[in-house]
Amino acid sequence: MEAGGATSDELRAERTGGLPAWLLGLLPLLLIAAAIGAFAALGAPGLGERRGPPAEELAVERTVLRPGTIALTVRNDGPDPVRIAQAQVNDAFVQFSGGEQPIGHLHSETVHLQQPWVEGEAYEVALITSAGGTITHEIPVAVETPATGPSFFGLMALLGIYVGVIPVALGMLWLPWIRRIPRGWMRAVMALTVGLLAFLAVDATLEGLELAGEGSQAFGGATLVLIGAAASYLLLTGVSAWLAQRREAARTAGASGVNLALLVAVGIGLHNLGEGIAIGSAYSVGALALGAFLVVGFAIHNTTEGLAIVAPVAHLRPSLGRLALLGLIAGGPAVLGAWIGAAAFNPSLAAFLFGFGAGAIVQVIVQLAPSLRDGGGRTLHPTAVAGLLCGLALMFTTGLLVSV
Amino acid sequence: VARLTRRKLLAGSVPALGGAALLHSTVPHRHPWDTEAQAAQGHAGHAAMGGGHASFRDGATVDHAANGFDPHTIARDFDWGTTRRLASGRVVREWELYAADKEIEVAPGVKFAAWTYNGRIPGPTLRAREGDRLRISFANASTHPHTIHFHGIHPAEMDGVPGLGAGEIAPGGRTVYEFDALPAGLHLYHCHVRPLAEHIAKGLYGALIIDPADGREDADELVMVMNGFDTNFDRANEFYAANTIGFAYMDKPIVARKDELVRVYLVNVLEYDLVNSFHLHGNLFHYFPTGTGTQPSELTDTVMLCQGQRGILEWRFPHPGRYMFHAHQSEFTELGWQGFFEVVG
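Anyway, here's the lowdown on the structure attached to this text. The shown structure was predicted, so the numbers you read here are calculated from the model rather than taken from an experiment. (Residues numbered from 1 in each chain as written. Chains lettered and ligands numbered in written order. Predicted model: local features only at pLDDT ≥ 70, side-chain atom pairs only at ≥ 80, totals over all residues. Heavy atoms only, no water.)

**Here's the deal with a negative patch on the surface**
On the surface, Asp-91, Glu-124 and Glu-138 of chain A together with Glu-331 of chain B cluster together into a negatively charged patch. If you trace the backbone, Glu-331 of chain B turns up in helix H8 (residues 330-334). Assessed through its relative accessible area of 34%, Glu-331 of chain B is described here as partly exposed. (Patch = residues over 30% accessible without salt bridge, like charges linked within 9 Å, V, L, I, M, F, W, Y side chains within 5 Å. Areas by Shrake-Rupley, 256 points an atom, 1.4 Å probe, with all protein chains shown as cover. Salt bridge = Lys/Arg side-chain N within 4 Å of Asp/Glu carboxyl O. Lys, Arg positive; Asp, Glu negative; His and termini not counted. Charge placed at Lys NZ, Arg CZ, Asp CG, Glu CD. Helix = DSSP H or I, 4+ residues; strand = E, 2+ residues; numbered from the N terminus. Buried < 20%, exposed > 50% of the residue type's maximum accessible area, 1.4 Å probe, protein only.)

And the structure:
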């Protein structure tokens, strides 16, 4: 090692001609940029002429029906620009505006078709591209899209409060009860909570995948659900690790229950965001009858979510304000979701958010799992299994009351 | 007929109940008895160029010059060919036809990779006199094999089908179809190469008119080849028309003269649909099936034709004004196959 009297760092620097590290890191990127530039400038040498006609793909993301018009928001899924030349509704050419220019890759455009549509009837819209291809879109039942005025947002907010905020708050009233039950029972309640959450995670994932199938596939389709789930799982894990660090620094005992409750509330809140989107979008396309039955169903279904929030803080004495905040975090997003779903529904975004909610719930389940352990350190002891199964059964049964 | 709805009735009755005639006339409103067209315009919020009819998008037109043909020209374009007289006194009538691949704008902004005879769809309307000797030189400038199969009476080897006579004419190949112009009437020609539906639907067809030896009464003559285009290859047509371009005779009517005899040579070549039809507004016409008889089969305003069926229509307009003609399959009508006659005094 003494040969040249040089350190290993100096040796390394010598081998790379003494270039600074940042330049070495940048070098491959610069070469790629130069190669791409040359490739483009030379007109893709060696590849020859393009084979076959342009691939024209448009995904219909949103349909808005107003008296006398049908508006479709389309997004170009395919690699090539698409020009909408003509439009048909139910096998008849119609006048329309919008989409005069070709729509580029991933760009979206709204076309307004003039059609004296009749409520309750079915319509098939066909957009004809300049290459003669057709993009068809079915409207199974024509219903006027609600105008998004203050009264509409008020209605959606009320709906969100009915199905999200109130049931969660009511569910939290189980707090005094679970404080008094024996320790063994408490584990059963926690297991029940995990069961409830597991059901919601599966439910959200499936719903997300279904929505992903409807949306523009160029954004990844089902991948969006998984990306959303992974993102929220990692984010919440990071946040909870950060909270644990702070807790250690502050040496505040007992705060773990509060943090856990917060995480549960955030997880459920993200799930309720998705639920709100589903309700709002179903309402806006007329697929949802705002019956009392549905609201009652959601209320019963979501009341169990309140229980999940208060279970981790049962052994503490959280202030009323803190409890209210937890309830709002869990239930409030239903209002936001209803607004998004009704006013700016986008299947790709909704699929991502459903995945996001599912990932958050899985993270919460991981956080809650240790609290199921009995004296022997087992997680899946008979009481916990019974609790889990009851949780699944409860969610399944109450879920039958609502189908959006 | 306008639909009666409770809302419309209420809206219509409010001013009446108020008894305020002035208000009634100044406030925009709609009556249940308004015509459908007006109602549709009211619905749409502005008067469309189509004037309440189905139409292509406003402001966009087909570039007929780029296509190389105009449906208005085609309607009155009869190709008599070139003639020479044999020593026997017989007339030999000759045409040059070629098949070519060509991109056609079948509707404003919609291009279709068509196959054509002489660069146009329908191909030239060949016209001869009964008993002429017909010689059609055919050159295939397309990248696919084609033939010309004529309807009429001729020897088997002149039938223009694969395996008989010259059979399929390969790209770059040539042949001559030669036969007597028989019988008098309205016929058609089309490619007969497999797959047949595709070779016809892509545009390889045209009309063949053989006038009776003693001619027909003078008239304002028109040819209408009813066709369609399947631009997305789902074996169903996206566009329907007479002479290729949908709504062409809506945007610019065919001009006719009051009391003058109008004669339409009507041919149906529509692929993928079982039948097609022709309906005339405000009038009835004499119908001569296949144009082979001298007596009309009926006086009617609607005829139905399957693919390959054709006939001659004759009528006079007693009143000036605009009269629609269209397929009486409403779907075809609103997908392009409709037009107007503008009758002038």
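**Quick word on the nonpolar core**
In this structure, Met-224, Phe-278, Trp-315, Trp-337 and Phe-341 of chain B are the most contacted members of the largest nonpolar core, which totals 64 residues. Looking at this core element by element, the count peaks at 6 residues for strand E11 (residues 220-229) of chain B. In this structure, Trp-315 of chain B is in contact with Glu-260, Leu-261, Val-262, Val-264, Phe-278, Leu-280, Asn-283, Leu-284, Phe-285 and Phe-341 of chain B, ignoring residues within four places of it in sequence. Counting residues in each nonpolar core, the second largest holds 40 residues, with Val-168, Leu-260, Ala-308 and Val-364 of chain A among its members. (Core = buried A, V, L, I, M, F, W, Y, C linked by side-chain atoms within 4.5 Å. Contact = heavy atoms within 4.5 Å.)

**Brief notes about the packing of aromatic side chains**
Each aromatic ring pair is specified by the distance between its two centres and by the angle formed by the two planes. In this structure the tally under the stated criterion is 30 aromatic pairs over all chains. Here Phe-93 of chain A and Phe-247 of chain B contribute two aromatic rings whose centre-to-centre distance is 5.9 Å and whose plane-to-plane angle is 80°, an arrangement assigned as edge-to-face. Of this pair, Phe-93 of chain A sits in the loop between strand E3 (84-89) and strand E4 (96-97) while Phe-247 of chain B sits in the loop between strand E12 (239-242) and helix H7 (248-251), which puts the two residues in different chains. Grouping residues by exposure puts Phe-93 of chain A and Phe-247 of chain B together as buried. On the basis of an interplanar angle of 35° and a centroid distance of 6.4 Å, the ring pair of Phe-138 of chain B and Tyr-177 of chain B is categorised as tilted. Residue Phe-138 of chain B is found in strand E6 (residues 133-140), and its partner Tyr-177 of chain B is found in strand E8 (residues 174-180); the two are separated by 39 residues along the sequence. On the basis of relative accessibility, which here comes to 0%, the residue Phe-138 of chain B falls in the buried class. Classification of Tyr-177 of chain B by relative accessible area gives buried; the value is 3%. Ring pairing ties together the aromatic residues Tyr-249, Phe-278, Phe-285, Trp-315, Phe-317, Tyr-323, Phe-325, Trp-337 and Phe-341 of chain B, which thus form one cluster. Above the ring of Phe-96 of chain A, the side-chain terminus of Arg-57 of chain B is found at 3.7 Å from the ring centroid. Note that Arg-322 of chain B overlies the ring of Phe-340 of chain B, its terminal NZ or CZ placed 5.5 Å from the centroid. (Phe/Tyr/Trp six-rings, centres within 6.5 Å; stacked < 30°, edge-to-face > 60°. Lys NZ or Arg CZ within 6 Å of the ring centre and 35° of its normal.)

**As for the interface of chain A and chain B**
With 27 residues of chain A in contact, the opposing surface of chain B contributes 23 residues. Summing both partners gives a buried area of about 2,000 Å² for chain A against chain B, and 50% of it is carried by carbon and sulfur. For the chain A face of the interface with chain B, the top three residues by lost area are Gln-86, Phe-93 and Gln-95 of chain A, together amounting to 33%. Between Glu-100 of chain A and Arg-57 of chain B there is a salt bridge, with the nearest N and O atoms lying 3.5 Å from each other. (Buried area = accessible area lost by both parts, 1.4 Å probe.)

**Notes on a nonpolar patch on the surface**
Residues and elements named next belong to chain A. A cluster of nonpolar side chains, Trp-22, Leu-26, Leu-27, Leu-29, Leu-30, Leu-31, Ile-32 and Ile-36, forms an exposed patch at the surface whose accessible area comes to about 840 Å². In this fold, Ile-32 is placed in helix H2 (residues 21-41). The class for Ile-32 is partly exposed, based on a relative accessible area of 48%.

**Quick look at the sheet that holds strand E5 (residues 108-114) of chain A**
Residues and elements named next belong to chain A. Across the sheet, which stays open at both edges, the 4 strands sit in the order E1-E2-E5-E4 with antiparallel pairing between neighbours. Every other strand in the sheet has two partners, leaving strand E1 (58-66) and E4 as the edge strands with one partner each. Bridge count for strand E2 (residues 69-76) against E5 is 7 bridges, and the pairing is antiparallel. Each residue of the ladder has a partner; that of Thr-69, found in E5, is Gln-114. (Pairing = 2+ DSSP bridges.)

**With respect to the side chain of Ser-348 of chain A**
Mapping Ser-348 of chain A onto the fold places it in helix H11 (residues 347-368). Contact partners of Ser-348 of chain A, with chain neighbours within four places excluded, come to Glu-61, Gly-215, Ser-216, Phe-219 and Leu-224 of chain A.

**Here's the deal with the pairing of strand E7 (residues 134-139) of chain A**
Residue and element names in this part refer to chain A. Only one face of E7 is buried, namely the one carrying Ile-135, His-137 and Ile-139, since none of Thr-134, Thr-136 and Glu-138 on the opposite face is buried. Inspection of the sheet shows strand E6 (residues 123-129) paired to E7 by 6 bridges, in the antiparallel sense. What sits directly across from Leu-127, in E7, is Ile-135. Between E6 and E7, which pair antiparallel in sequence order, lie 4 residues; one of them, Gly-132, sits at a positive phi of approximately 90°.

**What to know about the packing of helix H9 (residues 320-331) of chain A against helix H10 (residues 333-343) of chain A**
The geometry of a pair of packed helices is captured by two quantities: the angle between their axes and the separation between those axes. Residues and elements named next belong to chain A. Packing of H9 against H10 brings their axes to within 5 Å, and their N-to-C directions diverge by 25°. Overall, the two elements H9 and H10 adopt an arrangement that is roughly parallel. The residues of H10 that touch H9, namely those facing Leu-328, Ile-329, Ala-330 and Gly-331, are Pro-333, Ala-334 and Val-335. Residues that form the contact of H9 with H10 fall into these classes: 6 nonpolar, 1 polar and no charged. (Axes fitted to C-alpha atoms, helices over the stretch in contact; angles between N-to-C directions. Parallel < 35°, antiparallel > 145°, perpendicular 65-115°, else oblique. Nonpolar A, V, L, I, M, F, W, Y, C, P; charged D, E, K, R; others polar.)

**A short note on the environment of Ala-142 of chain A**
By the secondary structure assignment, Ala-142 of chain A is in the loop between E7 and helix H3 (150-172). Taking the C-alpha atoms as reference points, Ala-142 of chain A and Ala-311 of chain A, 169 residues apart in sequence, are found 46 Å from one another.

**Some remarks on unusual backbone geometry**
All names here are of chain B. The residue after Ile-121, namely Pro-122, is reached through a cis peptide bond having omega -10°. Turning to its location among the elements, Pro-122 is positioned in the loop between strand E4 (110-117) and strand E5 (125-129). A cis amide bond, omega -5°, links Arg-194 with the succeeding residue Pro-195. Along the polypeptide, Pro-195 turns up in the loop between strand E9 (185-190) and helix H6 (196-201). Although it is not a glycine, Thr-290 sits at a positive phi angle of roughly 60°. Structurally, Thr-290 is set in the loop between strand E16 (285-289) and strand E17 (298-300). You can call Thr-290 partly exposed: its relative accessible area is 24%.

**Points about H3 of chain A**
Owing to its 3.6 residues per turn, the α-helix aligns residues three or four sequence positions apart on the same side. Given a rise of 1.5 Å per residue, 23 residues ought to cover 33 Å, and the 31 Å separating the end C-alpha atoms of H3 of chain A matches this to within 8%. Ile-161 of chain A marks where H3 of chain A bends most, by close to 40°. (Expected span 1.5 Å × (residues − 1). Bend = angle between axes of the 7 residues up to and from the residue.)

**Brief notes about the packing of helix H5 (residues 183-214) of chain A against helix H12 (residues 382-399) of chain A**
All names here are of chain A. Viewed as axis vectors pointing N to C, H5 and H12 meet at an angle of 40°, and their least axial separation amounts to 6 Å. Looking at the two axes, H5 sits oblique to H12. Seen from above, H5 lies across H12 with right-handed handedness. Where H5 abuts H12, its residues Gly-184, Ala-188, Ala-191, Leu-192, Val-194, Gly-195, Leu-196, Ala-198, Phe-199 and Leu-200 lie against Thr-383, Ala-384, Gly-387, Leu-388, Cys-390, Gly-391, Leu-392, Leu-394, Met-395 and Phe-396. Grouping the amino acids of the contact of H5 with H12 by side-chain chemistry returns 15 nonpolar, 5 polar and no charged. (Left-handed = near helix turned anticlockwise from the far one by under 90°.)

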